[in-house]
Structures are given as C-alpha cells and as structure tokens.
Amino acid sequence: MIPVNEPLLLDAERKNVEECLRTGWISSEGTFITEFEKKWARFCGREFGVAVSNGTVALDAAAWALRLEPGSEVIVPTFTIISCVIAIVRNGLVPVLVDADADTWCMDVREVAGKVTPKTRAIMPVHIYGHPVDMDPLLELARTKNLRIIEDAAEVHGAEYKGKKCGGFGDVSAFSFYANKLITTGEGGMVLTDDPELAERLQSYRNLCFRKERRFYHTELGTNYRLTNLQAAIGSAQVDRIDDIVEKKRAMGTMYSDLLAGCKYLQLPVEKSWAKNVYWMYGIVLDEASGLNAVDFAALLLKEGIHTRPFFLGMHEQPVFLNRGLFRGEKYPVAERLARQGLYLPSALTITPEQIKTVATTVKRLLS
Ligand SMILES: *Cc1c(COP(=O)(O)O)cnc(C)c1O
C-alpha cells in the first residue's frame, strides 16, 4: 500500500528507547523529557518548552495558562480539528469562528477584526496542512486590542512565516507529536512560550499542580498531562532529523505540484511569498464543475488502491456544538466547500518518488 501518513522511525529512536528500558526511566521522570523540551524550544526559537501527553491537551493547557476570565471570547477558524474548540469550551471560554482563506485554507485573517467584541481576549490561529497563517495582521490586532495569541502549530513543524519558525508567534504555542505529524513521539505534545511564569504554570498544571515547597498541598486544580521519558526518547531523536524531514516533505510537495500542475478541476496547495510550506499533508480541492465531490473521488482512488483522507468538517457543522447552542445559523462558504471537495493524497515521509508518480498519474487520468 502507498503510505498515507505513517511515521519514519530509525535506529536513533530505537537506541534511545532501549536506554529507557535498560535504565528503568520509563515514567515522566528522566533526562529525555528536558532534552526534548530544550531541543524543540531552541529549534522554534523559544525560551521554554513544556512537554505534555498530546496536542489536544497542549491546546487545553495553553488556554488554561492564560487565566482568561470565563466567558471571554476566542477567535478561531471553523476549518480546523475539534481539539481547538474543545480547548476553548473546556476552559469556560466562548469560541467565535471565522471562515477559511480559499488559497491557504488557513483562517481568513481579513475577517478577524470584524469579529472582535469587548469580550474578545484571544485569537487562536491554526496553521493548516503545512502552510502558515498570515500572522502579521493578527499580531497587529493583538497589539492594538490587547489580545493573547494561542498558536496551534501541530501541522507545521519547521514551517516559516517571513523567515520565522511557526510555533514562534504565540504567547503560548501548541504542538502535537502524534504519529502522523512531521515529528512524532507516538502520542505527545508540547507548549512553547517565552514567559517564565507561563512555563511554570504549565509545568505545574500538567503535574496535578503539586507545590514545589510542599508536595500533596494544592492551591489550583491541575491534571495529569505528563509525557513519558519513553516518548520523549523518540522525540529527541526525531528533532535531530527535523531538517531532513522538512526537506523530504517539501520535495514530496514540489513533486506532486509539478506533476499535477495544469490538471483540470484541481486546486493545489500554495506557498505564499511570505511562507515556507512543509506540506504536512498534500491536499487537493476538486472543482465543483468536475461533478465529483471528495467522497466520490476518494472512492475512485481507492478502487485503484490509493488511500486518501478527507479534509476537516467545519466546527459550525458539528452536532456537538450545535446541540450546545453554538454557531447556530452561521455559514462559512469556503470551509463548507473545502469540507466537501477537499482530500489529501498519500503524504507519508516513507513515500517514494515512484509512488508519488503513480498517485499523480492516477489522479490526472481520473479527472481527464
Ligand atoms: C493533530 C492536531 C491536533 C491534536 O493533536 P493530538 O496530538 O492528536 O491530540 C491539534 N491541532 C491540529 C491543527 C492538529 O492537526
């Protein structure tokens, strides 16, 4: 099978994991945790990294750490994974949606200012499928309106906005290291920040808010979001290869784009002049004039032995939120079209040039 989103694990990861097993450091104590946090923070140009169990709880911890008063509004794209809105809602905050940009599929930053109210306290930009959000308008708005930025960088390890690494833009910035992300720990996540106070709050939160000076004495409600040394051992070895990984993904993206250029009925991923796209997943959007939607096209590809994955379904179309009275009657036409017409092609780090050619040739044949 042509690999869709499988990880690439090598001997360095195995060696690190064996060290954990040999020494018995398999819980959340152990040197790989701090090594992994330091390496990843340094790579992203940040002061502090706090490793947690996954990307979803990284967003939750990030939102928690900001101490926004309950009922505060957070502006977030509708075209994203549910983790973003879970983090907002679970912290007693109110999600306010914006549509996607038709080119980058990231939040349409032109819509954000119009959504700011006296209750707005934060913006949660989400970089989508490897391409950065246009950050400058958001940073400017955050400065003038005194808003915090909760950055979701789970899909853009190594991507850049105007030469600066994604994950470098939030008061708090969240990563996932799930097995299909650019670098992985199996399950895992991290929050980055430059603020020592926020870093300390995050460390405390992930570990039940134990007090340093007196254990089993608590002044805040924490949780257990700890990452294990075993997982960090994998992550640490992966960070060492991040440049290679980014290069591989970009080669995959460029090759797909070259092969599919000019293909009728097909919108391909972009790379804006201010962006470095890492093509986490190579997405395509079918023109409605093709008479096909993403479900139809995925079925055709599957018949040819090619597995794909659908795009996100917008948060305003999720029963879980509509049932809570959120987003009722709201319409986001770009996100709705992306959800129906978009899918991503096999994009694993282990995919070969021959396999990319096979996929591209098949896509072209089916659309001709
Ligand atoms: C994967 C992902 C997450 C969640 O990460 P998990 O580790 O799977 O919990 C959050 N945000 C985005 C944009 C993601 O792609």
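Computed from a predicted model, the values in this text were never measured in an experiment. (Residues numbered from 1 in each chain as written. Predicted model: local features only at pLDDT ≥ 70, side-chain atom pairs only at ≥ 80, totals over all residues. Heavy atoms only, no water.)

Draft legend 1. The arrangement of helix α2 (residues 31-43) in detail. Under the 1.5 Å per step criterion, the end-to-end length of α2 is 18 Å for 13 residues, consistent within 8% with the ideal 18 Å. Those residues of α2 that sit buried are F32, I33, F36, E37, K39, W40, A41 and F43. G45, located one to two residues past α2, shows a positive phi value of around 75°. (Helix = DSSP H or I, 4+ residues; strand = E, 2+ residues; numbered from the N terminus. Expected span 1.5 Å × (residues − 1). Buried < 20%, exposed > 50% of the residue type's maximum accessible area, 1.4 Å probe, protein only.)

Draft legend 2. Representation of helix α4 (residues 82-90) in the model. Buried within α4 are the following residues: S83, C84, V85, A87 and I88. Turning to α4, the residues buried within the fold contact α3 (55-65), β2 (73-77), β3 (94-98), β5 (148-152) and α10 (319-322). Residue G92 follows α4 closely and has a positive phi angle near 75°. (Contact = heavy atoms within 4.5 Å.)

Draft legend 3. Fine view of the domain arrangement of the chain. The domains assigned to the chain are domain 1 (11-239) and domain 2 (243-367). On the side of domain 2, 41 residues touch domain 1, which itself brings 40 residues to the contact. Across the domain 1 to domain 2 interface the summed buried area is about 3300 Å²; carbon plus sulfur atoms make up 70%. Three residues stand out in domain 1 for area buried against domain 2, namely W105, Y129 and L182, and they jointly supply 23% of the buried area on that side. Our enumeration of links across domain 1 and domain 2 arrives at 1 salt bridge. A salt bridge links K272 to D103, with the shortest nitrogen-to-oxygen separation between them at 3.1 Å. Where domain 1 packs against domain 2, one counts 15 residue pairs in polar contact (both at pLDDT 80 or more). Elements with a minimum of two residues in the side of domain 1 that touches domain 2: α4, β3 and β6 (160-161). Classifying every residue of the side of domain 1 that touches domain 2 gives 22 nonpolar, 9 polar and 9 charged. (Domains from an automatic or database assignment. Buried area = accessible area lost by both parts, 1.4 Å probe. Salt bridge = Lys/Arg side-chain N within 4 Å of Asp/Glu carboxyl O. Polar contact = N/O pair within 3.5 Å; in protein donor to acceptor, adjacent residues only side chain to side chain. Nonpolar A, V, L, I, M, F, W, Y, C, P; charged D, E, K, R; others polar.)

Draft legend 4. Seen up close, the packing of α3 against α4. Close contact between α3 and α4 brings their axes to 8 Å; oriented N to C, the two are set at 35°. Classified by chirality, the crossing of α4 by α3 is right-handed. Only S83, C84, A87 and R90 of α4 make contact with α3, whose side of the interface consists of T56, L59, D60 and A63. Of the residues that constitute the contact of α3 with α4, the class distribution is 4 nonpolar, 2 polar and 2 charged. (Axes fitted to C-alpha atoms, helices over the stretch in contact; angles between N-to-C directions. Left-handed = near helix turned anticlockwise from the far one by under 90°.)

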